[in-house]
Structures are given as structure tokens and as C-alpha cells.
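In case you want the letters, here they are:
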Amino acid sequence: MYLEFESFPGWDLALESMQSRRSKDPRRHIELVAVTEHLEGKGDAAIRTQRAAVFVPDGEVGHFLKQLEKYVDTTPKAPRERRHEDVFDRVASVRLAALRALWTDVDEAFPLRDSDTIWWEVWLRRTDGKEIERLHDYCGQVDARISPRRIDFDDRIVTLVFTSPSTLSGSLDVMGDIAELQRAKETATFFVKEKPGDQAEWTKDLAERTRVSRPDAPAVCLLDTGVNAGHPLLEGSLAPEDRHACDPTWGVDDDGGGPDMEGHGTEMAGLALYGDLVEHFAGSAAVELRHRLESVKILPPTGKNDPDLYGAVTAEATSRPEIQAPTRRRVFSMAVTAKDGRDRGQPTSWSAAVDALAAGRSFDPSDKGLKYTDEHEDAFRRLFVLSAGNIDGPALECDHISRSDVEPVHDPAQAWNALTVGAFTDKAVITDTDWDGWSPVARRGDLSPWSTTSVVFQPAWPIKPEVVFEGGNVVHDRADNVDFPCDDLCLLTTYYRPSDKALVSTWATSAATAQAARFCAAISAEYPDLWPETIRALAVHSAEWTEAMQGHLAQAGGKTARAQLVRRYGFGVPDLGRALRSASNAVTLMAQDSIRPFEAGNMREIHFHDLPWPREALTELGDAAVRVRVTLSYFVEPNPGRRGWQTKHRYQSHGLRFEVKGPTESLDEFRKRLNKSALNEEENRPSSGADNDGWYLGPRARDRGSIHSDILAGFAADIAERGTIAVYPVTGWWKELRKRDRSEHGARYALVVTIETDEVDTDIWTPIANQVGVATAIAT
């Protein structure tokens, strides 16, 4: 039988004590098979309980009965007698478990009715070696479909079964073999191969359970080939007045870019609004959208724009929606790039235009130039999310990492102020029989074969991409021939001609970029007062390297090698939960501020942020491991002259850096070290000093471009004394060209700091929340 234990609210069960492996016969083992957590309520009022499903072989239930008899015994305890209080004090209820108790996936993915058929991911316990045989025999008896593929682990066998809950639970023998159940990860293949009428039904169902956002919600503005707003999944989120074209004669429909780009804009719209549609079709939950769409067509229906004019086209494209809805918060998403990466990080007219627009310049239709609308007011900043660009299909290789490392990102993805997006993939399972004999090229969690990088950039140029999102995978055969698209390894999105079919597969860095824009819009919807610089900072700050990426990083010998790998993966895969919320043992602090970098050619200000550090809690942890992550994001003004593009100091108007006070440094010693660091950078000397110790990348690797992120690891007692972070300026053309210095207007920046410990029982959030200590800036 299966027993399900449920904890009291807020308690964790004593999981290890719920199983017994004393018998030499594994068939007699009492085994913990599935653990789930359940939340009731929302926000701070949410109540958490933990549930554990335990498999109890026939005749072994007495194990728990004996423990319970001792637990309820009221006689005085004998010396060293166990009454199992630690186990049962936490337990609110025990009951016989049904199939539902073995479900470890999200609740909304479980079938609504006992008769609903789905593909189940069935995890079998290894016992006598006949587990898969029993499952095959039962599936044959009840006409349930079972996948010919399976994965064998040391103590588990995983396979797929297509049936209903009532059928799957109909055999005691099979139930006795099951350890846990999840919903199989449906792929785009199933939906792409559906007939147009069936696709329309799937689409109608999702549209009916979708709640669109308010008209004043933030928007993802797609600079692309146009969007077909008549698609059932898009029509409620893209108003007619929010569709534009750089040239009115082009029209606003999705036909820009010629045959190679056919339907591209509508594909991006589906991903920017919903993400991968497979995730929504696989469940039945209501979908609440918190952002909208805008579209600006930047490619003509036939032919192409003059390559020298793409900077001007981008500038004009940003002005269209801003004139239509000047107060709306928006994220500009552009998955259109040049065809090659020959610039290798050096600025171009296109990337410089993106940087200027992000920093606050606006398009002037009178002379087609970029200027500030009011020299005396704070400029209106913009967030651009750009595609890194793709490796051409014929150039794809089985050794995809080596290929990506020599393929630089495409113009304008090298723009300093943009959030540039590469692609990774979690899609590494092929179930489509059309691809029998073919295998995925990329391992799960590794770089997508499509993604370009900045590995070949000179060290002075920015780290690109900064983040990666799902971009799909490709396949190879035994002769190492590479092919695509395999729909199992692609994403699912909206098709631009819904009267023909509603759904289509999509892939590569374009798909990753649309998802990244959606991510940024979600942050803006949650925190409407955040600046574009801060949203970019949170996207990077929340990113983590996957297990596959960490495997490569672990082999890197030193900070220089790590820096090259960061130029491949960026800072990893962003996580919206980490971007929006703190936890009791991982607290994130944010500061939005403005610094005046220079005066008469000299450094003018240093900002010291004395953070509300949980010193007492950290000191008590002693030598426990603690990590501090710091991310600094700001926008630079580009130097409009080509001569200045030869050195980083002359391209950027200014640079900002962060440093953390050493555990034994006085504030005066800290200030002197900052001055020395600024001078070293101006004279291009290597950084040195205590701040290098413990940093994962260190300043020489992280201080590239206009966003810097790094992780400081150390003992809790040392970190307790490092609660002061400085932000200070380094040289740029504002310092060198004093007549054009805009320091007096201030240079905005966002500083994000997370302190985290693996000690899950340690609460560092409460002492921080109880402090008034808002980060303060001190001018020097």
C-alpha cells in the first residue's frame, strides 16, 4: 500500500525517518517515493504544508504501527528510549494514498477527470527486475500506449504511458511498482501535426481561459516583420492603433522581410505574450496576461533596407509607439540582426543608435538625427532586448560548442546598453518516429547549436550575450549529418495565417529573445516604478548557469578561463521567481540612484551604500558558506565619432564600477583603494587588492560593457563585516571632452545585491526587513 503523510502548516516532515531499508530483500523495503509541497492562500498569508508518499510492502505496515504505539505511550520514558516524537510531532494526518499522492508535477497539470487520457511520465521503483515487464503486460491488457523508449537509473526506470488516471490505477501490481508520476513533457510535434481544425480547437480553448491585460499595462514592442493581430491568441492584446510601420506604404501586416522571414513577427508575438505554447496546451489552468503587445514593421514586404540605414530605421521605429502611447511602459524586442558578426564587438552605426536610444536620445524627424528632446531634463531611457544572432543552418555542426565559440554575435547585438539574448536548450528528447536513428546535437542544459557568442571579442568589448533563454535544438545522424527542424526540439507559437493553421514551431535566438522580452515585461508589470536599467539588472542578476554549463565552468582554470566561458553562456538562464522575490535564506536588495561622475575633468562623486546587513545572524553562522551577488547596471552615451570607437574609454561617456569593503578595511582605507582602482583603469593597469579575493570573475573579467555582475563567496563571519558597497566612476569621453560633459544631469544606475546561505534554517530576511537602513549615497 501507499501511505500519505501530511505535515502541520509551516512544518517539514522528518523524511529520512519515514523509510526503512533494514531488510536484505529490497522488495521488503519501506520507501519514500514522492514529496510535494502545497500552498493555500496567496502572498504573505499563504500556508505551506508538506506531503510525503511512502510505499509500504505487504506485511510491513506494522513498522509504523509499532512506532505509533510508542509515540502515544504516556508512561515515563526509559533512558535512551525512542518515542519517535521528531517524526510524528510534525504529522497532521496519515491516510491511504491514491494515484494523486504519487503526482510530483504541478497541480494544474493533473487530469481534470478520471477519464481524461494524457501521456504520463512513469517512474518505476527497481525491485525484482520485472517492473517494466509488468507495466507492458498491463498496458497490453487495457489497450494503453507505452513508449518504446525508456531511461534507466540506478534505482528508477522512467518511461511514458498514454492512458487515463482510472486505467493507470487499475492494477495493484503496477501501482506497487510506481514511485512517482509526472505529466510527460508534450512537445511541439504533437500540436504541429494536428489537423488545422484540431489546432483551431486547441487555440480556442486557450483563448477562452486567457484573461488579457488592461490597456495601460506594459507592452512588448516588437520591431520585426509586422504581426497578424487577427490571430485568436493575439487579438485581445494587440490593438489596431498599436500596429505601426516605419514606412506607411508597407502596411502593418506580417509580410516583411521576404520569403526567408515569412511570418516571423507573428511567431515572436506568440512567444512574447505566452512563452512556449506547449506549456499552456499541456494544462488547463486559467492564463492571466499582465502585459500587452505593440508592433512596428521595420522590414519592407519585398527587398531589404539599405544596410547603412538600419540605425535610422530602428530610431524611427521607436518613435512610432511612443507618439501613439507616450506614457506606456514598454520593452523593445528586436530579433532582426545583420547576417554576420564581422564587427567582433566594435560599435557600428546600428549598435551606436541602439545605445543612444537606450540612453535617452530621441528621433528627430526634421533632420533624421538623434538628440535630447530637452537638454535640461532627465532623458527618457529605453530597454532594448536584442537577439545575439544565429549560426547559419548549413554551418551547424555536431561539435556545436566549438562552432559557437568562433561565431561572434551579429550587429547590433554588441550594443552596450541592450540586453542581448543567446539561446540554450533543455530540449533533448526525441519521441517522433519520423526521426528514428537521429539524436539531439546539444546536451540538455547546454548552449543551443544556433547561438552566437562573444568568445572571439577583444577583452575591452562587452560580454555578449548577457543571458540565454530556450532556443531549441537540432539533430544529427550516425554519420554526423546535422538537420532541422525536429519539432520535438522546437518551441510552439502562433502562425501568421490562422485561417490556414493556427500553430507553428519556431527556434533559435529569435525565439529566445521574444521570451526574454516577455520576462522583462513581467518584471515591469510587477514593479512599475523600476527603471529600464533596473529591469535589465534583475534579468541578469536572477540568471544562473545550468548543470551542464557549470560542468564547463568547473573545468575552467582561473578567472580568465571563466571569463571566456561567460562570453559563451552569459550569466546563465534567468529565473522570474528569483527576479521578483526574496526568500528567508536568500535576500535581494535594490537601489536606484544617480551619480555625477566628473567635474572639470576629475572624479566628482563616490557613492557608499551601507546596506542593512544581517550582521548578527551571519556572525552566528561562523564558518558557514555565504554568497553575495552584486549586479550594477547603467546606460552609457556612445561617442558619435568613428575615431572614438577604437578604444573603450572614448566610446563610452563614462563607466561605473562597484567594490565591496574588505572585512578589516576602514572606510578611509576603502576610499583610497577606490581612488587607486579608478586610476589603474584610466591607465589600463591590472586591478589588484583585497576585493579580488573570493570573487568568481574578478574586476578584470566582469568590468566590461555597462552591466557588471559577480559572485563573492566566503565565510559568514567575514561576510558579516562586508556590508558596505561603493559605486564609483571611471574615465570616459565626458571626462575628456568637458564641453560635452553631461555629469551635471547625473548618470543613473541600478545596484542589485543578494546575500544567500545554504543554511535553510537560518532567517536572514527578517533582520534585514526590521532595519530602516535604506541605502544612502555620500558625495565626496
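Bear in mind the structure is a predicted one, so any value in this text is a computation, not a measurement.

Draft legend 1. Representation of the sheet that holds strand β17 (residues 383-387) in the model. Across the sheet, 7 strands lie side by side as β11-β13-β10-β14-β17-β18-β20; this open sheet has parallel pairing. The outermost strands of the open sheet, each flanked by one partner alone, are β11 (243-245) and β20 (467-470). Between one strand axis and the next, the sheet turns by 30 degrees as a mean value, whatever way the strands run.

Draft legend 2. Region of the structure containing the state of the cysteines. Taken as a whole, this structure holds 0 disulfides when the rule is applied. Take Cys246: it sits in no disulfide, and the sulfur closest to it among the cysteines is that of Cys221, at 9.9 Å. A residue is classified by how much of its surface remains accessible, and Cys246, at 9% relative accessible area, is buried. Here Cys398 is not disulfide-linked; the sulfur of Cys486 is the nearest cysteine sulfur, at 14 Å.

Draft legend 3. Representation of the pattern of salt bridges. If you walk through the whole model with that rule in mind, you get 45 salt bridges. One salt bridge in this structure joins Lys193 and Asp434, with 2.7 Å as the shortest N-O distance. In this pair, Lys193 is assigned in the loop between α6 (188-192) and α7 (196-208) and Asp434 in the loop between β18 (419-424) and β19 (439-440), connecting sequence segments 241 residues apart. By relative accessible area, which is 48% here, Lys193 ends up partly exposed. The salt bridge involving Glu544 is made with Arg578; its shortest N-O contact spans 3.4 Å. Highlighted residues: Glu544 in the loop between α14 (532-541) and α15 (547-554) and Arg578 in helix α17 (residues 576-580), separated in sequence by 34 residues. The exposure class assigned to Arg578 is partly exposed, which follows from its relative accessible area of 34%. Shared partners join several salt bridges into a network, and the residues in it are Glu31, Arg125, Asp155 and Arg156.

Draft legend 4. Layout of the confidence of the model for the chain. Taken residue by residue, the chain gives an average pLDDT of 86. The fraction at 70 or more is 90%. In this model residues 772-780 is a low-confidence stretch, pLDDT under 50, and it forms 19 contacts with partners more than four residues away in sequence or in other chains.

Draft legend 5. Quick look at the pairing of strand β14 (residues 330-334). When you tally the buried positions in β14, you get 5 out of 5 residues, the bulk of the element. Taking every second residue as pointing to the same face, both faces of β14 are buried, with Arg330, Phe332 and Met334 on one and Val331 and Ser333 on the other. In the sheet, strand β10 (residues 219-224) pairs with β14 via 4 bridges, with the strands oriented parallel. From the neighbouring strand, Val220 faces β14, where its bridge partner is Val331. Relative to β17, β14 is paired through 4 bridges, and the arrangement is parallel. By the bridge assignment, Ser333 is partnered in β17 with Val385.

Draft legend 6. Local environment of the sheet that holds strand β6 (residues 145-152). Pairing is antiparallel in the open sheet, where 4 strands are placed in the order β6-β7-β5-β8. Of all strands in the sheet, those bounded by a partner on one side alone are β6 and β8 (178-183). Between one strand axis and the next, the sheet turns by 25 degrees as a mean value, whatever way the strands run. One ladder, built from 5 bridges, connects strand β5 (residues 118-125) with β8; its direction is antiparallel. Bridge pairing links Glu121 to Gln182 in β8. Where helix α3 (residues 131-142) meets the sheet, it contacts β5, β6 and β7 (156-163), and its direction lies at approximately 5 degrees from that of β7.

Procedures and definitions
Residues numbered from 1 in each chain as written. Predicted model: local features only at pLDDT ≥ 70, side-chain atom pairs only at ≥ 80, totals over all residues. Heavy atoms only, no water. Pairing = 2+ DSSP bridges. Helix = DSSP H or I, 4+ residues; strand = E, 2+ residues; numbered from the N terminus. Axes fitted to C-alpha atoms, helices over the stretch in contact; angles between N-to-C directions. Disulfide = S-S within 2.5 Å. Buried < 20%, exposed > 50% of the residue type's maximum accessible area, 1.4 Å probe, protein only. Salt bridge = Lys/Arg side-chain N within 4 Å of Asp/Glu carboxyl O. pLDDT = per-residue confidence, 0-100. Contact = heavy atoms within 4.5 Å.

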